[in-house]
Amino acid sequence: QLQLVESGGGLVQPGGSLRLSCAVPGFILDYSAIGWFRQAPGKEREGVSCLSSSDGRTFYADSVKGRFTISRDNAKNTVFLQMNSLKPEDTAVYYCATTNRRFLPLLLCVSPGSSGQTHWGQGTQVTVST
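So, here's what we can say about the structure. (Residues numbered from 1 in each chain as written. Predicted model: local features only at pLDDT ≥ 70, side-chain atom pairs only at ≥ 80, totals over all residues. Heavy atoms only, no water.)

## Structural notes on the overall build of the chain
Quick reminder of the rule: Helix and strand assignments follow DSSP, with helices taken as H or I runs no shorter than four residues and strands as E runs no shorter than two, numbered in order from the N terminus. Atoms counted for the radius of gyration: C-alpha only. Globule rule: 2.2 Å times the number of residues to the power 0.38. Think of it in three bands: with a 1.4 Å probe and only protein chains considered, a residue is buried below 20% of the maximum accessible area for its type, exposed above 50%, and partly exposed in between. Contacts were defined at the residue level, with two residues in contact if any of their heavy atoms lie within 4.5 Å. Only the protein chains shown count as cover for residues, and all accessible areas are computed by the Shrake-Rupley method using a 1.4 Å probe.
Across its full length, the chain holds zero helices and 11 strands. Listed N to C, the secondary structure of the chain is β-β-β-β-β-β-β-β-β-β-β in terms of helices and strands. Since a compact globule built from 130 residues should have a radius of gyration of about 14 Å, the 14 Å found for the chain is in line with a globular shape. Overall size of the chain, expressed as C-alpha extent along the three principal axes, is 40 × 25 × 25 Å. Across the 130 residues that make up the chain, the buried fraction comes to 44%. By sequence separation, contacts in the chain at least 24 residues apart represent 57% of the contacts at least 6 residues apart. Looking at the chain as shown, the accessible area adds up to about 6,700 Å², and 50% of this sits on carbon and sulfur atoms.

What follows is the structure, encoded as structure tokens:
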């Protein structure tokens, strides 16, 4: 595959949970950080959570801290975003991306355009509504 592949989106009630998955293709070698982004209609893209490959350090946007958790399964080349206590304002298309930058790789989440070579997925829709 030529891009990352997100899955797990759907429609949930406020207060519910979803777990998103991101499958990383094999040709993306030794990425330094991987992250989740979201974009809602009429809003700019927002970095949600990023994970450093080397030391496991994480970044979370203030809007999701305490509710979302990023994790990975190295054997399956898969990264997850566990989303709990979902709110209507979490509704967006969620994307995952990798970077190969070596200096401060977690900057992927706040400045993806200056984060080295990046690869993106196609996105998965998350809708939180009654």
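On we go.
## Considering the sheet that holds strand β3 (residues 18-23)
Within a sheet, neighbouring strands are paired by backbone hydrogen bonds and run either parallel or antiparallel to one another. Rules: Strand pairing is defined by DSSP finding a minimum of two bridges between the two strands. Here an axis means a line fitted to C-alpha atoms, over the contact stretch when the element is a helix, while the angle between two N-to-C directions is reported on a 0 to 180 degree scale.
Taken in spatial order, the four strands line up as β1-β3-β8-β7 in an open sheet, and their pairing is antiparallel. The open sheet has two edge strands with one neighbour each: β1 (5-7) and β7 (68-73). Between one strand axis and the next, the sheet turns through 20° on average, direction left out of account. In this sheet, strand β8 (residues 78-83) lies alongside β7 in antiparallel orientation, the contact comprising six bridges. Bridge pairing links Arg72 to Val79 in β8.

## Some words on the environment of Gly35
With respect to the element layout, Gly35 can be found in strand β4 (residues 33-39). Residue classification places Gly35 among the buried residues on the basis of a relative accessible area of 0%. Sequence spacing of Gly35 and Val79 is 44 residues, and the spatial spacing of their C-alpha atoms is 8.6 Å. When neighbours within four sequence positions are excluded, Gly35 is seen to be in contact with Ser49, Cys50, Tyr95, Cys96, Ala97 and Leu108.

## Looking at the layout of surface pockets
Defined as follows: For cavity detection a 1 Å grid was placed over the protein atoms alone, and a set of points counts as a cavity when a 1.4 Å probe fits there but cannot get out; an open set counts as a pocket when protein lies on both sides within 12 Å along at least five of seven lines, with lining residues being those that have an atom within 4 Å of a point. Grid points are joined across faces, edges and corners, and a volume is the space filled by probe spheres set on the points. Three classes are used: nonpolar for Ala, Val, Leu, Ile, Met, Phe, Trp, Tyr, Cys and Pro, charged for Asp, Glu, Lys and Arg, and polar for all others, with Gly counted as polar.
Put simply, the largest pocket is a space of about 190 Å³. Looking at the lining of the largest pocket, the elements with two or more residues in it are β7 and β8. Here the residues of the lining of the largest pocket sort into five nonpolar, five polar and three charged.

Any link to function would need more than the numbers given here.
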